[in-house]
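Overview (structure and organization)
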Amino acid sequence: MVSRVIPVDDFDLVIFGGTGDLARRKILPGLYRRFCAGQMPETARIIGAARSEHDTEEFRQLVRDAIREFSTKNTCDEGQIGAFLERLDYVQVDARGSDGWDALKEMMRDGVVKAYYFSVAPSLFGDIAERLQSYGIADESARIVVEKPFGRDLDSAKKLNADLAKHFDETQIYRIDHYLGKETVQNLMAVRFGNILFEPLWNSQYVDHIQITVAETVGVGGRGEYYDRSGAMRDMVQNHLMQLLCLIAMEPPSRFDPDAVRDEKLKVIRALEPVDHHSIVRGQYEATATEPSYREDAGDPRSTTESFIALRCMISNWRWAGTPFFLRTGKKLKARTSEIAVMFKDAPHSIFGEEAGRHANVLSIRLQPNEGMTLKVTIKEPGPGGMRLVDVPLDMSFAEALGDDAEEITDAYERLIMDVIRGNQTLFMRGDEVEAAWAWTDPLIESWEKRGDMPKAYEAYSSGPEEAAMMLHREGRRWREIKE
Ligand code: NAP
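Residues numbered from 1 in each chain as written. Predicted model: local features only at pLDDT ≥ 70, side-chain atom pairs only at ≥ 80, totals over all residues. Heavy atoms only, no water.

Looking at the UniProt feature "binding site: NADP(+)" (unreviewed entry) in the protein
UniProt annotation of "binding site: NADP(+)" (unreviewed entry) refers to G17, G18, T19, G20, D21, L22, A23, R24, R51 and K148 when read in the numbering used here. Of the annotated positions named here, the largest cavity is lined by K148. Tracing the backbone through its elements, the reader meets D21 in helix α1 (residues 21-36). Relative to the helices and strands, R51 resides in the loop between β2 (45-50) and α2 (56-70). When its relative accessible area of 67% is taken as the criterion, R51 is described as exposed. (UniProt positions renumbered as here; feature names shortened; annotations may be inferred. 1 Å grid on protein atoms, 1.4 Å probe; cavity = no way out; pocket = protein on both sides within 12 Å on 5 of 7 lines; lining within 4 Å. Helix = DSSP H or I, 4+ residues; strand = E, 2+ residues; numbered from the N terminus. Buried < 20%, exposed > 50% of the residue type's maximum accessible area, 1.4 Å probe, protein only.)

Comments concerning the packing of aromatic side chains
Scanning the model with the defined rule gives 16 aromatic pairs in all. In this structure an aromatic cluster arises from ring pairing among F16, W101, Y116, F118, F125 and Y135. Taking the ring centre of F150 as reference, the NZ or CZ of R175 above it sits at 5.1 Å. Taking NZ or CZ as reference, K182 lies 5.4 Å from the ring centre of Y179, over its face. (Phe/Tyr/Trp six-rings, centres within 6.5 Å; stacked < 30°, edge-to-face > 60°. Lys NZ or Arg CZ within 6 Å of the ring centre and 35° of its normal.)

Description of empty space enclosed by the protein
Evaluation of the coordinates by the stated rule reveals 1 cavity of 30 Å³ or more. Space inside the largest cavity adds up to approximately 40 Å³. Contributing to the lining of the largest cavity are K148, F150, Q238, N239, M429 and V434. (Points joined across faces, edges and corners; volume = space filled by probe spheres on them.)

Observations regarding the environment of G97
Checked against the element boundaries, G97 lands in the loop between β3 (88-92) and α4 (101-107). In the structure, G97 is positioned 30 residues away from D127 in sequence and 8.7 Å away in space, judged by C-alpha atoms.

Notes on the site of the ligand
Around the ligand, the structure places 20 residues, and the nearest of them are T19, D21, R25, S52 and V120. The side chain of S52 places a nitrogen or oxygen atom 2.5 Å from an oxygen atom of the ligand. Taken by itself the ligand offers 900 Å² of open surface, and the protein chains cover 73% of this. Element by element, the count of residues in the shell around the ligand is highest for α1, at 3 residues. (Near = heavy atom within 4 Å. Polar contact = N/O pair within 3.5 Å; in protein donor to acceptor, adjacent residues only side chain to side chain. Areas by Shrake-Rupley, 256 points an atom, 1.4 Å probe, with all protein chains shown as cover.)

Here we look at the domain arrangement of the protein
Each assigned domain of the protein is listed here: domain 1 (11-147) and domain 2 (180-409 + 430-474). Between domain 1 and domain 2, the C-alpha centre-to-centre distance is 34 Å. (Domains from an automatic or database assignment.)

Details of the pairing of strand β7 (residues 207-215)
Buried residues dominate β7, accounting for 8 of its 9 residues. Taken together, the 8 bridges between β7 and strand β11 (residues 337-346) define a ladder with antiparallel strand orientation. If you follow Q211 over to β11, its bridge partner there is A341. Sheet analysis places β7 next to strand β10 (residues 325-330), joined by 6 bridges and oriented parallel. (Pairing = 2+ DSSP bridges.)

Some thoughts on the sheet that holds strand β8 (residues 280-285)
Ordered in space as β14-β13-β12-β11-β7-β10-β9-β8-β15, the 9 strands form an open sheet in which the pairing is mixed. Two strands lie at the open edges of the sheet, namely β14 (389-397) and β15 (456-458), each paired on one side alone. Going from strand to strand, the sheet's axes swing by 20° on average, the running direction of each strand aside. Two elements, β8 and strand β9 (residues 308-313), share 4 bridges in a ladder whose sense is antiparallel. Each residue of the ladder has a partner; that of R282, found in β9, is I309. Contacts from helix α9 (residues 232-249) reach β7, β9, β10, β11 and β12 (360-368), with the element oriented near 145° to β10. (Axes fitted to C-alpha atoms, helices over the stretch in contact; angles between N-to-C directions. Contact = heavy atoms within 4.5 Å.)

Let's talk about the packing of α1 against helix α13 (residues 412-422)
One can describe the packing of α1 onto α13 by two numbers: an axis separation of 8 Å at closest approach and a directional angle of 70°. Taken together, the axes of α1 and α13 are roughly perpendicular relative to one another. With respect to the hand of their crossing, α1 and α13 are arranged in right-handed fashion. Each of L22, K26, I27, G30, L31, R33 and R34 in α1 lies in contact with α13, whose residues at this interface are Y413, E414, I417 and M418. The residue makeup of the contact of α1 with α13, split by class, is 6 nonpolar, 1 polar and 4 charged. (Parallel < 35°, antiparallel > 145°, perpendicular 65-115°, else oblique. Left-handed = near helix turned anticlockwise from the far one by under 90°. Nonpolar A, V, L, I, M, F, W, Y, C, P; charged D, E, K, R; others polar.)

Quick word on helix α15 (residues 466-473)
Among the residues making up α15, those that are buried are A468, M471 and L472. When α15 is viewed along its axis, its buried side chains cluster within an angular range of 90° and face the same direction. Against the buried residues of α15 lie β7, β8, β9 and β10. (Arc of directions from axis to C-beta.)

Thoughts on the packing of helix α6 (residues 154-165) against helix α14 (residues 431-451)
Between two packed helices, both the angle of their axes relative to each other and the distance between the axes serve to describe the pair. Between α6 and α14, the shortest axis-to-axis distance is 9 Å and the interhelical angle comes to 165°. By the angle class used here, α6 and α14 are roughly antiparallel. Crossing hand, α6 versus α14: left-handed. Across from L154, A157, K158 and N161 in α6, the residues of α14 making contact are G431, V434, E435, W438, A439 and D442. Class assignment for the residues of the contact of α6 with α14 results in 5 nonpolar, 2 polar and 3 charged.

The following block contains the structure:
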């Protein structure tokens, strides 16, 4: 199977924060891979912009090093890297001052797509947006791309939205949640809305419950103090897990276009019920013989921030009333995995009798590692031992299904940046979605802060606190094992 490369229009892409960690690890290597795939028009350019002094050659060297360090797949030869670097320029710009803005203006061409990637701290978003307008380098077709965290609560998110809205129309603002750029996440929509098989079963009549797990093995390490100001709820649930929940739970949009999809996602967030404290378990990882505890990593022996959270959420609408959605995410868990599992109900009546046991279908959608889907189905155990039933996976690993092309499964950032150039906002969050997500999140955080709730300790590299397992056991359910 040969993947098709759909050309994009000519563009000038400016990366504010072009020397930073995100630019080096994701954005620039991603652009390089699109270049290798032949998707970048011949005259398209990428301009790094940051505060520190570099000439173009130094910036190109920085990017060369980043590509070598972070491009694991589809490694092109040095000649390709050299050709890509030719497209790069650098400008020293102070987001908060006037230095560099005239030089940037000089560099920008007319008649091409202008995209500005704000890969800087959110406190600089307003300053950059304002200068792009006042220096006259953002016309009506210009796009800006902003990164998470998009606020730390509803008020700050509203302020950020308002700061951007002063200078840019909502149709020009691309709020990135890189989970939405993952192949499997889009496949989730293809599976739901491209097949007749699943949609009739996709409701509380047939689905017992849904589990969404995003587990990491790393701790908060060197960024402990920064992380301690947010925690798993703000860092992961409010954005990534919420987006996955929306895609799983939303009604079929009438068209696959940005506002039709985002309208349906917004309805899901607005239908989420408040979560009471019996349905939330927060945790902090403990020290091992050789590694520090969460509190040591955070540099605060009394920290009450969670490095793990599990929630039982309910959606008040006709489709989902009665079906719980269990969300779970954490650091230093036993495996690095992201998975959505749709746990179907048992067959209403077993014609095979008690001894055949209980069997239920499970559709699991793996986001990482090895993206793919598995449908657990029940069949007869082979052999002459009578009608014994056994569950087997109908497995579709993208790596196997796509053969050589799977090597090239496009990284989420690559896809999303190309969508920005195409002007397609479907996989980006709209301002009202972000605000609705905070409006649901804020009261939960306030309530545990008011109660003085202490996170439960959990063993590092385990499945999280016992209490999270108990939350499901109480109602006769159990979490799926966290495994790669
Ligand atoms: P970083 O490594 O600290 O880089 C920040 C960049 O901003 C640097 O290039 C820096 O330039 C530039 N900068 C700082 N002040 C500036 C100013 N006044 N004018 C112009 N440029 C200025 O940060 P990062 O990790 O790349 O993160 C960037 C953004 O992405 C943040 O909002 C972060 O929360 C978000 N994000 C990051 C990741 C990640 O994996 N790193 C993941 C998700 C979201 P100089 O070095 O020249 O000062």
